[in-house]
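# Residue-level structural notes
Given next are the chains, with one letter for each unit.
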Amino acid sequence: MVGGQILSVMNLMWVIAVPLLAALATPLVGRVLGRAIGWWAVAASLVAAGLLVSLSGSVHSGNPPVWSVEWPAPDWGMRLALYADGWGWGFGLVVAGIGTLICIYAQHYLSDAEPRARFFMYLLLFESAMLGVVLSANLVGLVIFWELTSATSFLLIGFWHTQERARYGAYKALLITGLGGLALVAGVVLIYLAMGTTDIRELTARAGEVQAHPWFVPILVLVLLGVFTKSAQFPFHFWLPDAMTAPTPVSAFLHSATMVKAGVFLLGRIHPIFRGREEWFWIVSSVGMATMLLGAYGALRKTDLKALLAYSTISQLGLITLLYGFGTQLAALAATFHIFNHAAFKAGLFLTVGIVDHETGTRDKRVLKGLAKLMPITAVLCGVCALASAGVPLLNGFLSKELFYEEMVAHTGRGWWWWWWPAMAVGGSVLTFVYSLELFHGVFFGKLDPHLETDHGQSRGHGQPHDPGWGMLAPVAILAAICLKVGIWPGGIERYILDPAVAAVWGQPVDFTIKLWHGFTAPLILSILTAITGLVIYWQRHRLADVQTRLAWPFGANTIYDAALKGLVNGTGKLTDALQNGRLRSYLWLALAPVVVVLTLILGREGWSRIWPAQFSPLAPAEAVLLGLLIVATLAVVAVNQQRLTAVIVLGAVGALVSVFYLVLSAPDLALTQLLIEAITIILFLLVLWQLPKSVPALSTRGERFRDALLAVGFGVVMCLVVLAVAAANVPKPVADFYEAASLPRGGGRNIVNVILIDFRGFDTLGEITVLGIAALGALALMKLRRRKEDRR
Amino acid sequence: MELLMAIAIGTLFGAGLYLCLRRRTLQVVLGFALLGHAVNLLILNMGGIRHGQPPLVNPAAAGYADPLVQALILTAIVIGFGVTAFLLVLAYRAYQETGSDEVNSPRDKHP
């Protein structure tokens, strides 16, 4: 028993590790397998799914397996921990299961010219990251995997990176979900600061504490920003349609069945922690409803079938979000059920559209008509998925839609205005019904375009469109079969996946049975109303299109996004130009004015007692004269800086005075070096001076000189105080003692400074010599540069 | 002693900065040289003030000046010279190329 437990715990780790390792090995395996590399990805996904199935026993027993390592920073609540409760496990099965189907499909979908190995490597990387999101037991781990899904999504959207649109879409998706991810990180940090843990199970157990915490609202808002951006909720929905530039298998997998659902997955994860608060209900449900309506309305405006599906996905995600906001048991059941149902039928629809695109070379619904004649099997499969999406009985979509209506109607007892929710629910569902019919009836029935019957001209050399091979049909068929199976006999899947998932989302086991027929109730009446209204609108769809054209809103989220991005790029460009303006003066001002201010503040805080030394060393008359001369000479350099020759000579005097001063302060080596260097410097100065213009009128105005003098005096005074503060501090010098003691026995010299330079800090001296060498080479290069030019003349 | 030394170092800093803010290359190099002296004296000051106690191993001596700061300054003097020399050559070459010894970038004059 114990051995079995450990085995299943290791399996949990392997669920994520297998796709990851397979992805890393893909480039090598690809060389062996060639174009069959897709089967490698299929195998990896199957293994991941199988490992999950092997865990089913402990999941169903309500004793979820946990695997954790004390890494990377357990002291800060950061450890890699995985667990498979009903919710994560069920979602993981969807990821690995649909992943398997997608890999089979993609193996047949991609043309031979595409870089297959790269495609499947990205896909497996994503799968691993997504499984990490759903199995994480710790919010920090979840966030890391979350960001990895954003990154792999970026790679996959931009897979055809030579296309401008693909780059634009990939960039947009990364920016929006990435910004939301940052908000989520901030939310998790706040949770840790507030609760001292990021462990999801512990937080669930202490849900009351979280809700009572004064930071509850900021935490909620930050986490929800992550959720809404990831799941394309209004007003962040606009990245998803542009993500459709990805190859269709990617759209089906990431941007419909799994990655965009990470947001609603997290809603389900934190549902038992946050539900019940008014803020949770109002924010989540309102955003969900707005998204549901906007998405369904937008779907009808699109002529590109993939864009239509993108908007319909937005709408369905809105529905799920809306339900989680209600925070009731029934709503949790309906939302969780719908997540699974939507994954099945929407992935099926994407794959069907992919087949149509593959065969005809177009996705324009105005051109595509009557394809059932040419592709009967595809038509049937598409019909099943589309009707499931519309919510027609005997299919899975109907069951979750009924639960949705039931939940909406359940609250109407609270007052007449609560009828608003079922009314909007029906509105959204009617629009869903209409676009689902457009996908199925519109594309596969009606008069066939004669161009399509031959070759569309853009098709990929298939001649007349026909049903594709089994490799592309089988995945869709399996998904359609699931829609039917769940729609007619929901029992088995309900017990296997749904029961444990809902129990985890709700926080405790929930008693329910999903029934196809539960009497002539309000939900059924609303379903019938939906179907009739939907049929009428579909029949009159050209009028709807007219209305939509008239209502067209020229100013959308995309306009704001584009303007904001442009503004950001221009703004930072201007800021950089302003700061990096190539003027030494402004650099010095920018750097040193703050130094003066900050040092003044620090010295002011320390107080006079810390600046003024308690006692001064005695001042010999000779030293007073020396320092006095130094001050006078320094000021003289400034005073005569217009008369260059004089200035250079006075500078030499300053250097000489400093050398003598070194000598006085027990530093004979410094005095020697300084004197030598000073002599060479003055010679260099004179050499250059000889070449420069002799008369130099002042370039700066009086005002400029005054301002500069102000800064210079301020800087001088502050530095003067710093020197005093150093003297006042009187720090002990253990390092000096070490060198004194070690100089003779370990360095073999009595002159400690020399021993330090050539022995203890020999590498510093090497660095110093290198700097000199570089300066010399630079100077030489500068001179040579001119020589060559002269030679050419 | 410390007070006068502080004033001298402060004067070197202020004068160096003022010259670095001028518009001609030679003045900037002059200012840079002054700043070098200022920094070296500041470091020396950190080691404390000693008279007649060079940093030698001599058991008979009453004490010794901090050798570490002196080692640092020795390095700094040499590197300061290297940079000054390079700046001078740069100033000279810039004048030859542009016919002007102004510090500011051409962008300044031709916006």
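Rules used throughout
In this numbering scheme, every chain counts its residues from 1 along its sequence in written order. All chains are assigned letters beginning with A, and all ligands numbers beginning with 1, in the order in which they are written. Totals for whole chains, interfaces and linings use every residue, but because this is a predicted model, local features are given only for residues with pLDDT of at least 70 and side-chain atom pairs only at 80 or more, for both listing and counting. For the side-chain quantities, the full set of heavy atoms in the structure was used; hydrogens and water were omitted. By the criteria applied, helices consist of DSSP H or I runs no shorter than four residues and strands consist of E runs no shorter than two, each listed in order from the N terminus. Only the C-alpha atoms count toward the radius of gyration. The rule for a globule is 2.2 Å times the residue count to the power 0.38. The contact definition used throughout considers only heavy atoms, calling two residues in contact when any of these lie within 4.5 Å. Note on areas: Shrake-Rupley, 1.4 Å probe, and residue coverage restricted to the protein chains presented here. Only protein chains enter the calculation, and the probe is 1.4 Å; a residue is then buried if its accessible area is under 20% of its type maximum, exposed if over 50%, and partly exposed in between. By the counting rule applied here, Lys and Arg register as positive and Asp and Glu as negative, while His and the ends of each chain are not counted. Positions of charges follow a simple convention, taking NZ of Lys, CZ of Arg, CG of Asp or CD of Glu. When two parts are brought into contact, each loses some accessible area as probed by a 1.4 Å sphere; the total of that loss over both is the buried area. Throughout this description, the term salt bridge denotes a Lys or Arg side-chain nitrogen within 4 Å of a carboxyl oxygen of Asp or Glu. Note that the domain bounds were set by an automatic or database domain assignment. The rule is short: rings of Phe, Tyr and Trp, with Trp giving its six-membered ring, pair when the centres are within 6.5 Å, and they are stacked under 30 degrees, edge-to-face over 60, tilted in between. Counting as a charge over the ring demands two things of the Lys NZ or Arg CZ atom: a distance within 6 Å of the ring centre and an angle within 35 degrees of the ring normal. Confidence of the prediction at every residue is given by pLDDT, a number between 0 and 100. Take the buried Ala, Val, Leu, Ile, Met, Phe, Trp, Tyr and Cys residues and link them wherever side-chain atoms come within 4.5 Å; each set so joined is a nonpolar core. By this rule the span expected of a helix is its residue count minus one, scaled by 1.5 Å. Interaxial angles span 0 to 180 degrees and are taken between N-to-C directions of axes, which are lines fitted to C-alpha atoms, for helices over the stretch in contact. Angular relationships are summarised with four words: roughly parallel below 35 degrees, roughly antiparallel beyond 145, roughly perpendicular across 65 to 115, and oblique for the angles in between. Take the far helix as your reference; a near helix turned counterclockwise from it by less than a right angle gives a left-handed crossing, and one turned clockwise gives a right-handed crossing. Only Asp, Glu, Lys and Arg are considered charged, only Ala, Val, Leu, Ile, Met, Phe, Trp, Tyr, Cys and Pro nonpolar, and every remaining residue, Gly among them, polar. For patch detection, residues must exceed 30% relative accessible area and be free of salt bridges, and they are connected within 9 Å for like charges or within 5 Å for nonpolar side chains (Val, Leu, Ile, Met, Phe, Trp, Tyr). What makes two strands pair is DSSP finding at least two bridges between them. Cysteine sulfur atoms are paired as a disulfide whenever they come within 2.5 Å of each other.

Looking only at helices and strands, one finds 34 helices and 2 strands in chain A. Rg of the C-alpha trace for chain A: 37 Å, well past the compact-globule value of 28 Å for 793 residues, more than 25% over. Seen along its three principal axes, the alpha-carbon backbone of chain A occupies a region of about 110 × 70 × 60 Å. Excluding contacts between residues fewer than 6 apart, the proportion of contacts in chain A whose partners are at least 24 apart in sequence is 78%. If you sum the accessible surface of chain A, you get close to 34,500 Å²; carbon and sulfur atoms cover 70% of it.

Here we come to the overall build of chain B. Scanning chain B for helices and strands turns up 4 helices and 0 strands. The secondary structure elements of chain B, listed N-terminal to C-terminal, are α-α-α-α. What you see for chain B is a C-alpha radius of gyration of 19 Å, clearly larger than the 13 Å of a compact globule of 111 residues, by over 25%. Principal-axis analysis of the C-alpha atoms gives chain B an extent of 65 × 25 × 15 Å. The burial tally for chain B puts 61% of its 111 residues in the buried class. Here the analysis covers contacts within chain B between residues at least 6 apart in sequence; of these, 54% occur between residues at least 24 apart. Roughly 4,000 Å² of accessible area belongs to chain B as shown, and the carbon and sulfur atoms make up 66% of that amount. Computed over 7 positive and 6 negative side-chain charges, the inter-centroid distance for chain B is 6 Å.

Once that is clear, we can look at the interface of chain A and chain B. Each partner contributes residues to the interface: chain A has 97 residues there, and chain B has 83 residues. For the pairing of chain A and chain B, the buried interface totals around 8,600 Å² over both sides, and the portion due to carbon and sulfur atoms is 75%. At the junction of chain A and chain B, the tally comes to 2 salt bridges. Between B:Arg22 and A:Asp708 there is a salt bridge, and its shortest N-O distance comes to 2.3 Å.

This part covers the domain arrangement of chain A. Once the domains are mapped, chain A shows domain 1 (286–569) and domain 2 (583–730). Summarising the inter-unit geometry, the C-alpha centres of domain 1 of chain A and domain 2 of chain A are found 77 Å apart.

Residue and element names in this part refer to chain A. One pass over the structure, following the stated rule, counts 23 salt bridges over all chains. Close ionic contact of Arg761 with Asp764 constitutes a salt bridge, the shortest N to O distance being 3.1 Å. For Arg761, a relative accessible area of 37% corresponds to the partly exposed category.

All names here are of chain A. Tallied over the entire structure, the rule returns 29 aromatic pairs over all chains. Put simply, the rings of Phe281, Trp282, Phe326, Trp418 and Trp421 pair up and form one aromatic cluster. Over the face of the ring belonging to Tyr83 we find Arg201, whose NZ or CZ atom lies 5.1 Å from the ring centre. The aromatic ring of Trp506 is capped on one face by Arg275, whose charged end is 3.6 Å from the ring centroid.

The next point concerns the confidence of the model for chain B. Residues and elements named next belong to chain B. Per-residue confidence for chain B gives a mean pLDDT of 86; residues scoring 70 or more make up 93%. When pLDDT is averaged over each element of chain B, helix 1 (residues 2–20) comes out on top at 93 and helix 4 (residues 106–109) at the bottom at 49. Across residues 107–111, where pLDDT falls below 50, the model places 6 contacts with residues more than four positions away in sequence or in other chains. Predicted as a complex, the structure gets a pTM of 0.78 and an ipTM equal to 0.93.

The next thing to look at is the nonpolar core. One broad trend across soluble globular proteins is that nonpolar side chains are buried collectively. Among the nonpolar cores identified, the biggest contains 201 residues, and A:Trp87, A:Leu123 and A:Leu371 are the most heavily contacted of them. Of all the elements, helix 16 (residues 329–360) of chain A adds the most residues to this core, at 18 residues. Leaving out residues up to four positions away in the same chain, A:Leu123 has contacts with A:Ile102, A:Cys103, A:Leu156, A:Val250, A:Phe253 and A:Leu254. One finds B:Phe13, B:Tyr18, B:Cys20 and B:Ile73 within the second-largest nonpolar core, a separate group that totals 83 residues.

With that out of the way, let us pick up helix 5 (residues 116–135) of chain A. Between its first and last C-alpha, helix 5 of chain A extends 28 Å over 20 residues, near the 28 Å set by a 1.5 Å rise per residue. Burial within helix 5 of chain A is extensive, with 16 of its 20 residues counted as buried.

Residue and element names in this part refer to chain A. Close contact between helix 15 (residues 305–326) and helix 19 (residues 420–444) brings their axes to 11 Å; oriented N to C, the two are set at 155°. Classified by the angle between their axes, helix 15 and helix 19 sit roughly antiparallel to one another. For the pair helix 15 and helix 19, the crossing hand works out as left-handed. Each of Leu305, Leu308, Leu309, Ser312, Ser315, Gln316, Leu322 and Phe326 in helix 15 lies in contact with helix 19, whose residues at this interface are Trp421, Thr432, Tyr435, Glu438, Leu439 and Val443. Each residue belonging to the contact of helix 15 with helix 19 can be placed in one class, and the counts come to 9 nonpolar, 4 polar and 1 charged.

Residues and elements named next belong to chain A. Together, Trp517, Phe520, Ile525, Ile528, Ile532, Val536 and Trp539 line one region of the surface with nonpolar side chains, adding up to about 830 Å² of accessible area. Relative to the helices and strands, Trp539 resides in helix 23 (residues 522–539). The class for Trp539 is exposed, based on a relative accessible area of 63%.

What follows deals with the pairing of strand 1 (residues 66–73) of chain A. Residues and elements named next belong to chain A. In the sheet, strand 1 pairs with strand 2 (residues 78–83) via 6 bridges, with the strands oriented antiparallel. Bridge pairing in strand 2 links Pro72 to Arg79. Between the end of strand 1 and the start of strand 2, which pair antiparallel, lie 4 residues, with Gly77 showing a positive phi angle near 75°.

All names here are of chain A. Following the criterion strictly, the structure yields 0 disulfides over all chains and no others. The structure places no disulfide on Cys103, whose sulfur is separated from the nearest cysteine sulfur, that of Cys385, by 19 Å. Classification of Cys103 by relative accessible area gives buried; the value is 0%. You can see Cys483 has no disulfide; the closest cysteine sulfur is in Cys385, sitting 4.8 Å from it. Here Cys483 falls in the buried class, since its relative accessible area comes to 0%.

Residues and elements named next belong to chain A. Cis geometry marks the peptide bond from Trp71 to Pro72, where omega comes out at 5°. Structurally, Pro72 can be placed in strand 1. With an omega dihedral of 0°, the bond running from Phe234 to Pro235 counts as a cis peptide bond. Positionally, Pro235 belongs in the loop between helix 10 (216–230) and helix 11 (239–242). Despite not being glycine, Ala232 has its phi angle at roughly 55°, a positive value. Positive phi values are uncommon outside glycine, yet Ser666 reaches one of about 60°.

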